[in-house]
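A structural walkthrough
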Amino acid sequence: MTTRILPAVGDIDAARSVTTLLSQLPDAEPATPVGDSTQLIDTLARLAGEALDELPEVVLVHERIGPVPALELIREVSLRFPSVGVVLITADASPNLFANAMDSGARGLVTLPLSYEELANRVQAAAQWSAGVRRHLTSGNDVFTGPGGTVVTVTGAKGGVGATVTAIQIALAAQASGNTVALVDMDLQTGDIASFLDVQFRRSLVDLALITDISPRVLSDAVFSHSTGLALLLAPGEGERGEEVSDRSARQIVSALRTRYEIVVIDCGGQMNGANAAAVEMADVALLVTTPDVVAVRGAKRVVRMWERLQIRKAEETITLVNRFTRNTEIQPPLIQKITGTRVASAAVPANFKELQASIDSGRLHELDAKSTVKQALWGLAGELGIVKESATGKKSGGALVKRNSGAFKNDRGSIGRPRRRRDGSGHRPGDSEGTR
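Below you will find a few notes about this structure. Since the model is a prediction, treat every value here as computed from it, not as a measurement. (Residues numbered from 1 in each chain as written. Predicted model: local features only at pLDDT ≥ 70, side-chain atom pairs only at ≥ 80, totals over all residues. Heavy atoms only, no water.)

1. Some remarks on the nonpolar core
Nonpolar side chains in soluble globular proteins tend to end up buried together. Among the nonpolar cores identified, the biggest contains 44 residues, and Ile 170, Leu 183 and Leu 381 are the most heavily contacted of them. The set of elements that each furnish at least two residues to this core consists of β6 (150-156), α6 (163-176), β7 (181-185), α7 (193-196), β10 (263-269), β11 (285-290), β12 (318-322) and α15 (373-384). No other element matches the 9 residues that α6 contributes to this core. Aside from chain neighbours lying at most four places away, what touches Leu 183 is Ala 167, Ile 168, Ala 171, Ile 193, Leu 197, Leu 230, Ala 231, Leu 232, Leu 233 and Val 265. Counting 41 residues, the second largest nonpolar core, distinct from the first, contains Ala 209, Ala 250, Val 254 and Ala 279. (Core = buried A, V, L, I, M, F, W, Y, C linked by side-chain atoms within 4.5 Å. Buried < 20%, exposed > 50% of the residue type's maximum accessible area, 1.4 Å probe, protein only. Helix = DSSP H or I, 4+ residues; strand = E, 2+ residues; numbered from the N terminus. Contact = heavy atoms within 4.5 Å.)

Okay, structure coming up:
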């Protein structure tokens, strides 16, 4: 049996050494090495989107891979692609690292400098394990075999620009169209999703933070099933406990959610920390919410530049939503697009807080009137992001017409093997008028 092997090695010399040895293995079919963690996940997602059998049997992860650390990358690959055997290449052969690698989901460890015999043994063992798992996956109907659901993060340029309202409404739109949807409050210190939806629930993200293996049972215990059909994973009631959610645990939580829900919407709030930064990096769609005023637009530019410096996400991979928009404002969407370097969503949300006030004050945002121009704009945004299923008539649930533009997002951040919708051209649709954009 031919063993397909995908090396993930950032160093050119190390990649050359690994490729040379792999080419000598019997019945081995080594692929061209990928240079970083993002490229590895994207490659696996694309292959999984085609068919389970297209995935390589073995993935080799070098210890100096980046930007995601090797052990965290192994954990994510193991969670999202359970039929792939992962082998770590490292110079550290200590029992502690071996135990950590196994806990992360590795099927073996090869020490540097590489030796033919050790590499052959580890690759063979991982390939045999992969073959057994795939036989199990093809015979069982209750085991997840896909690359995962779509993750959408919603981040505020600063506090109070409407990120939470946006996250809730696009999640409701996705759910109403027939998707299974999880709504996550990763604004860890000041999250308000529970207040907006009139929810009192003891469990939160913190309950999953220290769990190394999030099973479906554990996840279901932490998730609140809302009357709308949304699955809610809430921020802790005590804001100081948000520090218990690390970037590593955030990656694990997001990976677990995307294997069980078609759409995962994450409210990241207006302050960045390690946890929600990890979520933005893993997201298929990163939405940045701003209002058309100088302070908020400066905040949006600051967030985008910070993401670029930290290698979380490029500006052109970010979509900016203009909230509280009016035609006579001095700062228009095309100017915001130019300042931030992002793509501005076609659906600008009108400034009409009176429509929202009663629903927000009563904690019943999910009962917002369908005639609300704010709701219509946000549900239209959900269609623009590609997270709403369309019927044969081109209408989404709720009766509002959804128009999707052609094209696809560049598939290089947390890819799941599905096309991402993008808009081309200016920051708004020609012919849009105030209150409908």
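2. Notes on the packing of aromatic side chains
Counted by the stated rule, this structure contains 1 aromatic pair. Consider the rings of Phe 201 and Phe 224, whose centres lie 5.2 Å apart with planes at 55°: the pair is tilted. Placement of the pair is Phe 201 in the loop between α7 and α8 (206-209) and Phe 224 in strand β8 (residues 224-225), with a sequence separation of 23 residues. (Phe/Tyr/Trp six-rings, centres within 6.5 Å; stacked < 30°, edge-to-face > 60°.)

3. Examining the packing of helix α10 (residues 247-258) against helix α11 (residues 274-282)
For the pair α10 and α11, the least separation of the axes is 8 Å and the interaxial angle reads 45°. Comparing the axis directions of α10 and α11 gives the class oblique. The handedness of the crossing between α10 and α11 is right-handed. When α10 is examined against α11, the residues Asp 247, Ala 250, Arg 251, Val 254, Ser 255 and Arg 258 are found in contact with a partner set consisting of Gly 274, Ala 275, Ala 278, Ala 279, Glu 281 and Met 282. Broken down by class, the residue content of the contact of α10 with α11 amounts to 6 nonpolar, 2 polar and 4 charged. (Axes fitted to C-alpha atoms, helices over the stretch in contact; angles between N-to-C directions. Parallel < 35°, antiparallel > 145°, perpendicular 65-115°, else oblique. Left-handed = near helix turned anticlockwise from the far one by under 90°. Nonpolar A, V, L, I, M, F, W, Y, C, P; charged D, E, K, R; others polar.)

4. Focus: the sheet that holds strand β3 (residues 58-62)
One open sheet accounts for 5 strands, arranged β2-β1-β3-β4-β5; its pairing is parallel. Bordering the open sheet on either side are β2 (28-30) and β5 (108-111), each of which pairs with just one other strand. The sheet shows a mean angle of 25° between the axes of neighbouring strands, taken without regard to direction. Running over the sheet, helix α3 (residues 70-80) touches β3 and β4 (85-90) and is turned about 170° from β4. (Pairing = 2+ DSSP bridges.)

5. Concerning the pattern of salt bridges
This model, assessed by the stated rule, comprises 14 salt bridges. The salt bridge partner of Asp 221 is Arg 217, with a shortest N-O separation of 3.9 Å. Placement of the pair is Asp 221 and Arg 217 together in helix α9 (residues 216-222), with a separation of 4 residues, close to one helical turn. Among the charged side chains, a salt-bridge network with shared partners connects Glu 72, Arg 251 and Glu 281. (Salt bridge = Lys/Arg side-chain N within 4 Å of Asp/Glu carboxyl O.)

6. Focus: α11
Counting buried residues in α11 gives 8 out of 9 residues, a clear majority hidden from the surface. Along α11, the positions that sit buried rather than exposed are Ala 275, Asn 276, Ala 277, Ala 278, Ala 279, Val 280, Glu 281 and Met 282. Buried residues along α11 sit against α3, β6, α10, β10, β11 and α12 (294-309). A distance of 3.0 Å separates the backbone nitrogen of Ala 275 from a side-chain oxygen at the start of α11, and that oxygen is part of Asn 273. (Polar contact = N/O pair within 3.5 Å; in protein donor to acceptor, adjacent residues only side chain to side chain.)

On their own, these measurements won't tell you what the molecule is for.
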